[in-house]
Amino acid sequence: MSCSRFWPVIDVMASEKARRMAMKRNKNGPVDVWCWSQPESEVMNAFVEDVKTVHSSRWRTILYEYRPETGVLLDHLRTQPSSLIDVLLANPGGYGAAVSLELSQDGPHLRHVDVRSMCLPWQSPRLTNLSTLCLRDIYHGIPHPEDLYQILFTSPRLERLCLIEVHSQEIHRNSQEYLWTTSRPISLPHLTVLAIQNVSKSITHKLLPLIRATSCKTAIINGQGEFSAILEPQETNLELIAQPAKVSESLRLKLETEEEPHVHILSNPVIAYEWVHWAFDTPGVDIKLAVRSADILARSWNQLTTVLKACGAASNITDIKIEWSMDSSGQELPFPVGLLELCPALTRLEVTDYSTTTLTPLVRLLRKGTSLSADSEGGTYSWLLPKVNTFIFHAQTIHDLEECATEVKDLLEIRYPEQKADSTNQEIASPTPMETLKLPSVLVARLRAMNISTCLKFDDVVQGTATENA
């Protein structure tokens, strides 16, 4: 009770005595009004009477969950001008066709807007300079894409943007009228969280590409059915991947070739469901990029590599899992080897390859290093991926067994030599010893028949995985 944060809150679920004590201690300061849960009618009536004694100019935050028995408070809000800056509204029971809070036009710009199954006057001049815009489960009174564009464009300090389950025929119809090609980009340099899930394509294909968010740490863009969100591999979309990938500890890449081919890039981000004041999101990326052709995919990997390099190395990523295959016509698709080079802290790499073409470039990558000295006669030789201690490779077949066996033999002898060579002035930094090397069983059998000079205990480290044939 001594906490100064307690006194501004007028809470319907607090006892009448506690509520009036708070009001007495805070006679002239800003007020946060909380109307939530399922209060009994007598409790609700007493709460509304208390609220009516507070001048609307003192209102700062409204946390409101609509139910028929709490409608009396909503009616009171509609008749009062207010100085609200934080609006947290929900209709958890889905009552009514369109429950709306009609904000007065006069008043300060809103700061945090978190609306769930309710609506606001989306063209209000108060919906500018926002820090948070979170809309969930909006099925009635849906903001048009033009309104969303205006809200975002006039909120350059936006930090959190969540549009989840915002869709209806209303959006589809009106979005055709907007001239997106003439719209200016939306600069959101402070945006750290972007979540767009199950929304109309006018948002994912028209509005989203206009967003410039170079500081974004959490990016989730997905959907199902008619609201599937497979993004075109254009530069603005690739930029959304870079920062979240950089701060992630794990990364998953999966090539999907059924229906609309795409690459799913995932690192298990989490968008908190709590109200914005108590929400703690987990950084990461969950985005699907369309695969239009092998050439376009190759350019996309190059662009993404360039963007990641500009952000600095993805030094937090320690675990990468990739599922790869050919396209539906049997064409080989370019593998993102260049992205792996930007993960110096990588310790675990697992690849499932249905195209059977990636083992050789992966083995060469693990064998690859760079000299840290410009002096050609000396210096320190460092591995690009010095910390990898687990490499697991699954494949149904091995087409060129001898070539693959030779590549792996060279890897083991060069990266983990039986004894350090002393015929050169160049010092070779020792990588982390390999603990697990799982390869197709037919390849492991061939390696056992070869004379490999390595410091690793072969039978302890090298293990077999299933293959169909050699």
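Further up the page is the structure itself.
The rules behind the values
- Residues numbered from 1 in each chain as written.
- Predicted model: local features only at pLDDT ≥ 70, side-chain atom pairs only at ≥ 80, totals over all residues.
- Heavy atoms only, no water.
- Helix = DSSP H or I, 4+ residues; strand = E, 2+ residues; numbered from the N terminus.
- Rg over C-alpha atoms; globule rule 2.2 N^0.38 Å.
- Contact = heavy atoms within 4.5 Å.
- Areas by Shrake-Rupley, 256 points an atom, 1.4 Å probe, with all protein chains shown as cover.
- Lys, Arg positive; Asp, Glu negative; His and termini not counted.
- Charge placed at Lys NZ, Arg CZ, Asp CG, Glu CD.
- Buried < 20%, exposed > 50% of the residue type's maximum accessible area, 1.4 Å probe, protein only.
- Salt bridge = Lys/Arg side-chain N within 4 Å of Asp/Glu carboxyl O.
- Phe/Tyr/Trp six-rings, centres within 6.5 Å; stacked < 30°, edge-to-face > 60°.
- Core = buried A, V, L, I, M, F, W, Y, C linked by side-chain atoms within 4.5 Å.

### Thoughts on the overall build of the protein
Along the protein, the regular secondary structure elements total 13 helices and 23 strands. Its C-alpha radius of gyration of 29 Å places the protein more than 25% over the 23 Å reference for a compact globule of 470 residues. Counting only C-alpha atoms and orienting by the principal axes, one finds that the protein spans roughly 90 × 55 × 45 Å. Pairs at least 24 apart in sequence give 74% of the contacts found in the protein among residues at least 6 apart. Total accessible area on the protein is roughly 21800 Å²; 48% of this is exposed by carbon and sulfur atoms. Charge separation in the protein, taken as the distance between the mean sites of 44 positive and 56 negative side-chain charges, equals 7 Å.

### Section: helix α10 (residues 359-367)
Counted residue by residue, α10 has 7 buried out of 9 residues, so it is predominantly covered. All of the buried residues in α10 are Leu359, Thr360, Leu362, Val363, Leu365, Leu366 and Arg367.

### A look at the pattern of salt bridges
Enumeration according to the criterion identifies 23 salt bridges in this entry. Here arginine 160 and aspartate 281 are joined by a salt bridge, their closest N and O atoms 2.9 Å apart. Of this pair, arginine 160 sits in strand β7 (residues 160-166) while aspartate 281 is found in the loop between β14 (262-266) and β15 (284-290), placing the two residues 121 residues apart along the sequence. Here arginine 364 ties to glutamate 403 by a salt bridge, and the two come within 4.0 Å at their closest N and O atoms. Within this pair, whereas arginine 364 is found in helix α10, its partner glutamate 403 is found in helix α11 (residues 401-415), the two being separated by 39 residues in sequence. For glutamate 403, a relative accessible area of 34% gives the class partly exposed.

### Comments concerning the packing of aromatic side chains
For any two aromatic rings, the description comes down to two numbers: the centre-to-centre distance and the angle of the planes. Counted according to the given criterion, the structure contains 6 aromatic pairs. Taking 5.5 Å as the distance between ring centres and 85° as the angle between the ring planes, the aromatic pair formed by tryptophan 324 and phenylalanine 335 counts as edge-to-face. Here tryptophan 324 is found in strand β16 (residues 319-324), whereas its partner phenylalanine 335 is found in the loop between β16 and α9 (337-340), with 11 residues between them in sequence. Both residues of the pair, tryptophan 324 and phenylalanine 335, belong to the buried class. Connected via pairs of aromatic rings, a cluster forms that spans Trp301, Trp324 and Phe335.

### Some details on the nonpolar core
Among the nonpolar cores identified, the biggest contains 127 residues, and Phe47, Ile62, Leu73, Leu120, Leu133, Phe391 and Leu439 are the most heavily contacted of them. Setting aside residues no more than four positions away along its own chain, isoleucine 62 makes contact with Val33, Leu73, Leu77, Leu84, Asp86, Val87, Leu88 and Leu89.

### Some remarks on the environment of leucine 384
Within the fold, leucine 384 resides in the loop between β19 (379-383) and β20 (390-395). Sequence separation between leucine 384 and alanine 290 is 94 residues, and the spatial gap between their C-alpha atoms is 29 Å. Setting aside residues no more than four positions away along its own chain, leucine 384 makes contact with Glu341, Pro344, Leu365, Lys368 and Gly369.

Any link to function would need more than the numbers given here.
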